[in-house]
There are 4 protein chains.
Amino acid sequence: MTRVAIQGATGYTALELMRILLRHPEVQITAITSRSETGHVTSVHPSLAERLDLSFENLSAEQLGDRADVCFCCLPHVASMESVPQLLAAGMKVIDLSADYRLNDPGVYEQWYGHVHTDPTRLGSTVYGLPELFGDRIPGEELIANPGCYTSASILALAPLVMNAWVSPKGIIIDAKSGVSGAGRSPKTNLLYCECNENISAYGVGTHRHQPEIEQVLSKISDASVDVIFTPHLTPMDRGILATIYAYPNGKASDEKWLTCMRHFYSDKPFVRVVEHLPKTKDVAYTNYCDITVRVVKDRVIVLAALDNLIKGAAGVAVQNFNLMCGYPEARALIV
Amino acid sequence: MTRVAIQGATGYTALELMRILLRHPEVQITAITSRSETGHVTSVHPSLAERLDLSFENLSAEQLGDRADVCFCCLPHVASMESVPQLLAAGMKVIDLSADYRLNDPGVYEQWYGHVHTDPTRLGSTVYGLPELFGDRIPGEELIANPGCYTSASILALAPLVMNAWVSPKGIIIDAKSGVSGAGRSPKTNLLYCECNENISAYGVGTHRHQPEIEQVLSKISDASVDVIFTPHLTPMDRGILATIYAYPNGKASDEKWLTCMRHFYSDKPFVRVVEHLPKTKDVAYTNYCDITVRVVKDRVIVLAALDNLIKGAAGVAVQNFNLMCGYPEARALIV
Amino acid sequence: MTRVAIQGATGYTALELMRILLRHPEVQITAITSRSETGHVTSVHPSLAERLDLSFENLSAEQLGDRADVCFCCLPHVASMESVPQLLAAGMKVIDLSADYRLNDPGVYEQWYGHVHTDPTRLGSTVYGLPELFGDRIPGEELIANPGCYTSASILALAPLVMNAWVSPKGIIIDAKSGVSGAGRSPKTNLLYCECNENISAYGVGTHRHQPEIEQVLSKISDASVDVIFTPHLTPMDRGILATIYAYPNGKASDEKWLTCMRHFYSDKPFVRVVEHLPKTKDVAYTNYCDITVRVVKDRVIVLAALDNLIKGAAGVAVQNFNLMCGYPEARALIV
Amino acid sequence: MTRVAIQGATGYTALELMRILLRHPEVQITAITSRSETGHVTSVHPSLAERLDLSFENLSAEQLGDRADVCFCCLPHVASMESVPQLLAAGMKVIDLSADYRLNDPGVYEQWYGHVHTDPTRLGSTVYGLPELFGDRIPGEELIANPGCYTSASILALAPLVMNAWVSPKGIIIDAKSGVSGAGRSPKTNLLYCECNENISAYGVGTHRHQPEIEQVLSKISDASVDVIFTPHLTPMDRGILATIYAYPNGKASDEKWLTCMRHFYSDKPFVRVVEHLPKTKDVAYTNYCDITVRVVKDRVIVLAALDNLIKGAAGVAVQNFNLMCGYPEARALIV
């Protein structure tokens, strides 16, 4: 039995995390923190009524360390890099769901996030928690940087292609569509129901912070300088990411050949499903699956990947990382 | 040509008002105000690009009076009762879209709105701007209290029944469903896309402020003490109100008989459509129509009414009132 | 281990059933049938990729009996009453999700469903599968009539009140709102996205078949002739039912008193949560919970109940019944 | 006054057409046809209650010719090419909203639509009704091929770039997102509310029929062989198209420079708004506007265009064509 704390537990990702951990037979949730809320968890998350009998607390890292063996850190970036060293010092394993430990280069972090990184040593050495690629490095780690939602979809779709140099590392376009929950739960005008409903638009064109994250990981696994254009879109639905990816293949191959290669690459990965049909976000909603397919159109290969941004894109992969860190079966509590 | 100003022009109702007024051949919009915004109207309402070339200004009533003949006041309640006397003093006709001048009794106002009314004299004498009932009193008025969205649907559905004592004034239930735009454009957590989407719930059960407004108007027109239970629900859609109303009939009649009586009552009203089918909010969306039907079930008569909360429930009826105040044809700019 | 078949497995309820049964540790799904489809289950339900490796088959009752111990019958009404006797004759236990065995009186069935009932003997004696009320009768039964979605919400909300005569059995109004999945998966124009989206309307006013079902069950448990007016509404969301119920209390009591009585009634029922806040369908979506609260408004008591029409209103309660029939813990596979 | 008929008037585009034509001061709608419906227009389109007092009729071209001067043909493809020659022979001007007269080459038509074209002479000579590009050829024409919804968005976004050779004609990617109304009103399972809601997916990857239409028009105006990859996506909303377009620029320029060039190109076009912000479909919903912007990202130029698929993408542009054919001001009835 592992005692687990969730730091910053008022958002959508934390809620999904609690739902998953509540069905994990080896987990006991022992603390949930918030700097603003002090009531019972159901005051913010009424869906947890009769499921979890905890209240939000404003706990120090040390107090958390007394209560828990593992901490899921759901703080926003910057806040996270302040907390994580303390959580580690308090003796906990940490899965950080913010962006603070995903990039390796403090300069790149500062450029994209506008803050000097205050924990640069760990920044460079933290394992990137995408188990399908780095699963063998996760067991025994103290700190895992949980990947971004767009990045997981994009990297899972492209990894087999760039690692094997089946496509050019240049000129890749990732046109991604996300449900609104990916934008968090802060009361902002642009996230109001009447702003998002019956509406689709691009945002952060050329400036979204998941772009350098995608490029870093794909470059590392391919020994090439992978260069992508990443365009996210806000889509009128709660959850789901669909990435439509365009790349230049190195050589000709049929759809079927591409699918076979993809299937081979992911043959022992329980949460990537290489499918023949065009993936739909609804087919993976509320699951930890990422559905991927490939199509050849003219001189381009198009890879389409769908996942649930809150599960496979956040809370689900976090538990997948947790399972690997703690020696539990990778899929525990994740297939329902 | 009438010069028109809109006070408090950043919200959804003000946007609809501008859209309608822009197609009104006798109207020129000359000023739009905001206490927080100072940019071009398109900075808040990009849909008005190349339609309206005005910027938000923080204008005094006197300044507004120099610019406009009529002011649509879209301020929140309390702010409205502070502004309206000044607007009138500055020589303008005013259509107040807040709740501040709808109730006649300052005591009732204070009880439901939690504020002492600072303009109690006008409170009692202001005409309630539901043209189907009070249209003959509107021409020549200086101030009109624009009705609430739920109240318009409820009153239009019930007016023929209570005025003619076809139903008992007691035991009436109004179960109403509204799109989210009725809750305004303030950045509140409960109005976020992911809170409202895929969700329906009641709110303000027994405490919603439209209940006394409905009772006041229905009592006045029926010379009876009409008593309703009003239950609003937040429905996952942008716009639309459906009121499902249950009353005890005085005597038996067929559906067809009820429909005939309703049709007769509204025969010369251009915006009430008595229909045989069950009304849908989508059929009246983006229009100034209210669709109504009646069904007899067991010992009860059920009246169903649908309207667009932003148009017939707010901006559309405001222009209808404006037309009547200023001597223009009632339907001008309202049938598209 | 119990071998389970699903008859008529192409619809939304069958899909939910498969999802739940796949996580049931004592169940093996051994057959899924369809009269129209012959492909792999994923050709209709791609979300089951890598979860269930079965194809649709057109199997006789006898063939099913060779494969399975229990059959969930998801056929439409009329088709169901033709199949169920054969399934029973083939030695299976049956949970019938259609309406065919819910009513006790063949005359009432014929009146509301327009068909002579061809299995009238069983009609009168089949246990109504609402475990919160009839759970002690379910173990050992061969056939259970799974309740309707609206009826479960309505009956769970009203049962404590009518059983204890806390409210009058007369004059009860049930104003219910349902997500679109309740209408099934047949390609009908009125169920198209563009017809349902941004739209709410009533349907089947005074004529919906769940009305006699509600009255029958509430009358039976209360020894009174319960009389309800039931008005369903189609709401633009996938799933969820909210019932807003108005009844005349026998005597005065506070909200708190009502809640205490409700809590007492459901104290040992794992899937009914009596809550203080107004229930939202989103809080129970994808769960087997029914959230209920009570408010006193004027001379009326208002009960509000929310459940997921596909889970607690169909597939979830079906598995709850299955668990009780087969001697498994009632909540097995149902709390995730 | 022009007498207008609508052939095939039961769909969403025809409904929008009727709404627009009803506010056109020089139009009288004199006939609406259907092969399946015979009732009053409100039996299919209840939103037109008290707006249009016509019934669906199954009229021959000759009968239509007696009633109307202009016919909007809203039949499906193939049916359209059978009807159009007859409508013209009956003396009417025709605006064909199907795809049948959009392509110039019968061979290309046959390849993409799977039917031999039976009116190949007209196919090659019919004017493509995109008024922003071919407006000077429309007056006096007898037959106009109304463009596709995706194509209008794509072509308006790309026309200035390819005509001026600001971008390479090769390697263009059009990633387009459409609301569900673009798929029509036929009762198909994949268009059901519960299939489309909370879901986004690509479809017709590499095979959508708007791809050759886009290439044909862009090639014609640019004297180059324009080559695009077009990927449509079904988005959970009623209406709206967003096209996100990636092209290789010939030479470097800033965002501002691109915008200036676009603004210059469309300076006298009333329905194209070149905007600085990223376009949203909601800003153009229910209007005849197309909002366009440009961004330079790395070595690529990204053009984003939004329009309402039913208005600027179908019924609105059809009326724009009608106005030009008949000598009315281009924007009549189209700016509200």
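Bear in mind that the values here come from a model prediction, so they are computed numbers and not experimental data. (Residues numbered from 1 in each chain as written. Chains lettered and ligands numbered in written order. Predicted model: local features only at pLDDT ≥ 70, side-chain atom pairs only at ≥ 80, totals over all residues. Heavy atoms only, no water.)

Draft legend 1. Fine view of the pairing of strand 10 (residues 228-234) of chain B. Residue and element names in this part refer to chain B. Burial analysis of strand 10 places seven of its seven residues in the buried class, which makes it a mostly covered element. Alternating residues of strand 10 divide into Val228, Phe230, Pro232 and Leu234 and Ile229, Thr231 and His233, and every residue in both groups is buried. Inspection of the sheet shows strand 8 (residues 172-178) paired to strand 10 by seven bridges, in the parallel sense. Among the inter-strand pairings, Ser178 is bridged to a residue of strand 10, identified as Leu234. Bridge count between strand 9 (residues 201-202) and strand 10: two bridges; the pairing is antiparallel. Across the sheet, Ala202 pairs through a bridge with His233, a residue of strand 10. (Buried < 20%, exposed > 50% of the residue type's maximum accessible area, 1.4 Å probe, protein only. Helix = DSSP H or I, 4+ residues; strand = E, 2+ residues; numbered from the N terminus. Pairing = 2+ DSSP bridges.)

Draft legend 2. Local environment of the relation of the copies chain D and chain B. By a simple turn and slide, chain D fits onto chain B: the slide is 0.0 Å along the axis, the RMSD is 0.0 Å, and the turn is 180 degrees. As the rotation angle and translation indicate, the two copies are arranged about a two-fold axis. When C-alpha distances to the rotation axis are compared across chain D, the minimum falls at Val336 of chain D, with a value of 4.0 Å. By residue overlap, the copies meet face to face through one surface: 100% of the interface positions of chain D are interface positions in chain B. (Least-squares fit on C-alpha atoms with pLDDT ≥ 70 in both. Contact = heavy atoms within 4.5 Å.)

Draft legend 3. Highlighting the domain arrangement of chain A. Residue and element names in this part refer to chain A. Each assigned domain of chain A is listed here: domain 1 (2-147 + 313-326) and domain 2 (150-309). Relative to domain 2, the C-alpha centre of domain 1 lies at a distance of 24 Å. Contacts between the two partners involve 26 residues from domain 1 and, on the opposite side, 31 residues from domain 2. Overall, the association of domain 1 and domain 2 removes approximately 2,200 Å² of surface from exposure, summing both partners, and the carbon and sulfur fraction of that is 57%. In terms of surface lost to domain 2, no three residues of domain 1 exceed Tyr12, Trp112 and Glu132, which account for 30% of the buried area on that side. (Domains from an automatic or database assignment. Buried area = accessible area lost by both parts, 1.4 Å probe.)

Draft legend 4. Looking closely at the relation of the copies chain D and chain A. At an RMSD of 0.0 Å, chain D and chain A line up after a rotation of 180 degrees and a shift of 0.0 Å along the axis. Interface overlap between copies is the fraction of interface residues in one copy that are interface residues in the other; for chain D against chain A it reaches 98%, indicating a shared surface.

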